[in-house]
Amino acid sequence: MRWLVPLFVVALVGVALAPAAAAAPADDATVETADDATVETADDATVETADDVRPDPANDTLGWEDGYWYDDPLPAVDPTDGLNQTELDKVVARSMARVEHIREVEFEKTVPVSLIDRDTFKQRYASGDGGGVPPAYRAFDNAKWEAIFAINESADSIAVANRNRGATVGGFYSPSEDRIVVVSDNTETPQLSEVTLSQELFHALQDQRFGYDALNYATREGHNTADGVVEGDGNYVDSLYSQQCEEEWNCLTDTGGEDSSGGGTSINFGRYFVTFQPYSDGPKYVKAVRERGGWEAVNALYDNPPVSSAAVAEVDLDETQPQTVTIEDQTAGDWQRVEVNGRPSYAKLGQPGVAAMFVRPLYNDANPDTWVVDPRNWLNRTETGELADDPLNYSVSVADGWDGDRLHVYRNADNETGYVWRIAWESEADAREFVDGYRQLLGHYGGDQVGDDTYVIPDSGFADAFQIRRSGDTVTIVNAPTLDDLTQVRTSASSVSTATEATPTPGRTASPTPAVGDSPTPTPTATAGEETATRTPGFGAVVALVALLAAAGLARRRDP
């Protein structure tokens, strides 16, 4: 049985990836589906006027589809007043030929393409809270995203996923329905971004020629790893296509309407940054594979994908398998493990989940004293100061060294949830750095230290009790609604005596005592911004990076 949204591959529109001084949008949540993709925000629509075309080949060949070569003009197509079906068919045929020419793979068949405006997309594909999702799945999903402070306890993960999707999707390919929908921000005369179309056409080509059978989408970490191939390949082809549009080809663009930002700013950045990782890192990984072994080596990734999202993030072509992390359930009272039929009853959030957890404060709090990661280490920039093709750095030091993780969700009779999240690291130093950063993160959300390794966030949507312990290169976090519940969620978690339940200054530790089982380390005192030492193939796309000037301004203000 499946409760995930229909199998889609999408493109996202204008999303601000850079830290801004304003507070982040309201918290929201999501299902395990890659719902980010991107619309190439374009400038002006163009009418082609060239009239000389090559004759059709005797047989179907690379770079030719349904009567059009990849470099043929389309003089009869006028995109300024919207595209009728005849015009759309011509654009699709030529775009298919262009994708073939770039990727050197032949389409087996044409996929129907339709063009809709954003309001229609929201109504049909990105509304509601997924009423058919079973309560166990909803509870599990909510707790998973809460664990990385992406959504708070008052939000619903399914509704948040839809809100993110409605604001960011620029198009999608549905393998189950074998069709493509492109979303236009021009509501009066919907127009087409040819680059967005090219990516969705390539997703259809992937489905026809490679399939997704060897790719594991069972967890968020698996999803990001698989999309490192699917969306990495798609966005790499996308970038080559865009380059040709700039240098040699005449390409159609969506001039947009009044709301060319994608239909609003209600985006949950915590979740967005987790799922965006394949789009940021995947293209450079695929490019490196191609440079080593050509397109044949890239084709082989569909049967032999990378071992982790961390390998994709770090372009490690000779990666080793991450550690297999296990958790023995130790519940008491009425607390029980949340089991979800039809999917794993555990989560793996991966290095992107850890990184996103630490950078979220850059987007919801303008006070740099509470940040764990310096925005200059989060945003990848070129020598000229512009955002790089891989705009986000998922290997910030507090997340670098991830070597496997596992999260179990628990629920009591009152439908309250808690979790145990265990993360393995490549070294004890990496584990210590994570612990220091996590303590500082709890302080950011108003956490008070009430015991050697125990914290309480008394207010806000993340009001809970937390216990964090390190053993060698492994860190275990226990979460529960109250201090008393900590030992119910996990019996080996230590109780906190009333003598230690002081009320220290919010965000500060009551004492510098190291965590139980941890070697003595001082309470983190990092200076502002200093770093502590069954797939839906995609919602894939290329994110249009918007509002970057604000981000650059923030970064400049923090420069010495």
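Residues numbered from 1 in each chain as written. Predicted model: local features only at pLDDT ≥ 70, side-chain atom pairs only at ≥ 80, totals over all residues. Heavy atoms only, no water.

This brings us to the environment of Asn 412. Mapped onto the elements of the fold, Asn 412 is located in the loop between strand E10 (402–411) and strand E11 (417–425). For the pair Asn 412 and Ala 332, spaced 80 residues apart in the sequence, the C-alpha separation amounts to 9.8 Å. Not counting the four nearest positions on each side in its chain, Asn 412 is found in contact with Asp 334 and Trp 335. At 2.8 Å, the side chain of Asn 412 and the side chain of Glu 416 are in polar contact. (Helix = DSSP H or I, 4+ residues; strand = E, 2+ residues; numbered from the N terminus. Contact = heavy atoms within 4.5 Å. Polar contact = N/O pair within 3.5 Å; in protein donor to acceptor, adjacent residues only side chain to side chain.)

Turning our attention to unusual backbone geometry. Phi at Phe 149 takes a positive value of approximately 55°, unusual for a residue other than glycine. Here Phe 149 lies in the loop between helix H3 (135–147) and helix H4 (157–168). For Asn 415, which is not glycine, the phi dihedral falls at a positive 65°. Looking at where Asn 415 falls in the secondary structure, it is placed in the loop between E10 and E11.

Within the largest apolar cluster, 68 residues are counted, with the highest numbers of intra-cluster contacts made by Phe 149, Phe 273, Phe 358, Trp 378, Trp 421, Phe 434 and Tyr 438. Once you skip the residues sitting within four places of it in the chain, Phe 149 turns out to touch Met 357, Arg 360, Tyr 438, Leu 441, Leu 442, Tyr 445, Ile 457, Phe 462 and Phe 466. Of all hydrophobic cores here, the second largest spans 49 residues; its members include Val 77, Val 195, Cys 251 and Leu 252. (Core = buried A, V, L, I, M, F, W, Y, C linked by side-chain atoms within 4.5 Å. Buried < 20%, exposed > 50% of the residue type's maximum accessible area, 1.4 Å probe, protein only.)

Attention now goes to the state of the cysteines. Within this structure, the stated rule accounts for one disulfide. Each sulfur in the disulfide pair Cys 245 and Cys 251 lies 2.0 Å from the other. On the sign convention where negative means left-handed, the S-S torsion of about -85° between Cys 245 and Cys 251 marks this disulfide as left-handed. For Cys 251, a relative accessible area of 10% translates into the label buried. (Disulfide = S-S within 2.5 Å.)

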